[in-house]
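Structural features, examined
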Amino acid sequence: MSNYIPRLYRFLGELSMNNNRPWFQQHKAEFDELRTLWLADLDRLIAAIAEWDPETGRYSGRESAYRIYRDTRFSLDKTPYKTYFSAAFSPGGRKSDLPGYYLHMGPRLSQEGYPSGVYGGLWCPEGSVLKKLRRAIVDNIEEWEEILAEPELRRLYPGWVGETLKTAPAGWPKEHPQIEYLRLKEYGKFHQLDEEFFTDPAWPERTAELLRPLKPLIDFLAYSMTE
């Protein structure tokens, strides 16, 4: 199979400069071809994930991939298309509220401006879930800090991504020893990947290995949410 990734990035870059329905319809055949190739690679990625996380590996690439069409109903930005390819993987599937993994591929030219890369964790949980997670972290702080201290996780995913409170959450003192975790509104880790990474034909398997160190964190969050 020829390496389609440079074509995919070029297509998405051109789409970012021509984000309108007439242009997309003129190039729909190319989009369909690129997406078909990408979905086949997603199936490989999911098969590789399933080797160390069978529950998360139960869904196909097509079931895990997000549509390219934007929901513009409540957005000031009315451009109709996303300028990246993305997919989510979790034990409950792409639409689940459970923690999981996320893949984002595309040039950093879009309105969103997000870089390509992989994400793992819990995005935008409800307030009740957040309260439960904070309590679980404090009650199991040794286990939590042991997970975060794992060398590969620290090397590949330093710091946190997501929103943070400016002060302590309600009911917690500002001087709490775990205040850095209590102020988080999302529990997410991100590793940036450039186009060159994805031009390697083995990128699906390499991506699965990049995600593997996140599994203990994902498991902790999922267990704490559902216990």
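Residues numbered from 1 in each chain as written. Predicted model: local features only at pLDDT ≥ 70, side-chain atom pairs only at ≥ 80, totals over all residues. Heavy atoms only, no water.

1. Some details on the packing of helix 1 (residues 5–17) against helix 3 (residues 28–50)
Relative placement of two packed helices is described by the angle separating their axes and the distance separating the axes. Two elements in contact, helix 1 and helix 3, have axes whose closest approach is 10 Å; the angle formed by their N-to-C orientations is 135 degrees. Viewed along their axes, helix 1 and helix 3 adopt a mutual orientation that is oblique. Regarding helix 1 and helix 3, the two cross each other, and that crossing is left-handed. Counted together, Arg-7, Leu-8 and Phe-11 of helix 1 and Glu-30, Phe-31, Glu-33, Leu-34 and Trp-38 of helix 3 form the full contact between these two elements. Along the lines of polarity and charge, the residues of the contact of helix 1 with helix 3 split into 5 nonpolar, no polar and 3 charged. (Axes fitted to C-alpha atoms, helices over the stretch in contact; angles between N-to-C directions. Helix = DSSP H or I, 4+ residues; strand = E, 2+ residues; numbered from the N terminus. Parallel < 35°, antiparallel > 145°, perpendicular 65-115°, else oblique. Left-handed = near helix turned anticlockwise from the far one by under 90°. Contact = heavy atoms within 4.5 Å. Nonpolar A, V, L, I, M, F, W, Y, C, P; charged D, E, K, R; others polar.)

2. A short note on the side chain of Thr-207
With respect to the element layout, Thr-207 can be found in helix 10 (residues 203–211). Take Thr-207: its relative accessible area is 0%, and that puts it in the buried class. Apart from the residues lying within four places of it in its own chain, the contact partners of Thr-207 are Leu-45, Val-118, Phe-197 and Phe-198. (Buried < 20%, exposed > 50% of the residue type's maximum accessible area, 1.4 Å probe, protein only.)

3. A closer look at the packing of aromatic side chains
Summed over the entire model, instances satisfying the criterion amount to 17 aromatic pairs. Members of the aromatic cluster, each reached through a chain of ring pairs, are Phe-11, Trp-23, Phe-24, Phe-31, Trp-38, Tyr-69, Tyr-81 and Phe-85. For Arg-94, the ring lying beneath its charged end belongs to Tyr-66, and the centroid distance is 5.3 Å. A cation over an aromatic ring shows up here: Lys-189 above the ring of Trp-160, its NZ or CZ 4.1 Å from the ring centre. (Phe/Tyr/Trp six-rings, centres within 6.5 Å; stacked < 30°, edge-to-face > 60°. Lys NZ or Arg CZ within 6 Å of the ring centre and 35° of its normal.)

4. Describing the nonpolar core
Grouped burial of nonpolar side chains is what soluble globular proteins tend to show. In terms of nonpolar packing, the biggest core is built from 57 residues, with Trp-38, Leu-103, Trp-144 and Trp-203 touching the most fellow members. When residues in this core are grouped by element, the largest group, 10 residues, is from helix 3. With 5 residues, the next largest nonpolar core counts Val-138, Trp-172, Ile-179 and Leu-182 among its residues. (Core = buried A, V, L, I, M, F, W, Y, C linked by side-chain atoms within 4.5 Å.)

5. Notes on the sheet that holds strand 4 (residues 187–192)
Reading across the sheet, the 4 strands line up as 1-2-3-4 and stay open at both edges, with antiparallel pairing between neighbours. Whereas interior strands pair on both sides, the edge strands pair on one side only; in this sheet they are strand 1 (85–89) and strand 4. The sheet shows a mean angle of 15 degrees between the axes of neighbouring strands, direction not considered. The pairing of strand 1 with strand 2 (residues 100–105) spans 5 bridges and is antiparallel. The residue bridging Phe-85 from the neighbouring strand is Met-105, located in strand 2. Helix 3 contacts strand 1 and strand 2 of the sheet and is inclined by roughly 25 degrees relative to strand 1. (Pairing = 2+ DSSP bridges.)

6. Re unusual backbone geometry
The backbone of Cys-124 shows a phi angle near 50 degrees, a positive value even though the residue is not glycine. Within the secondary structure, Cys-124 sits in the loop between strand 3 (117–122) and helix 5 (127–139).

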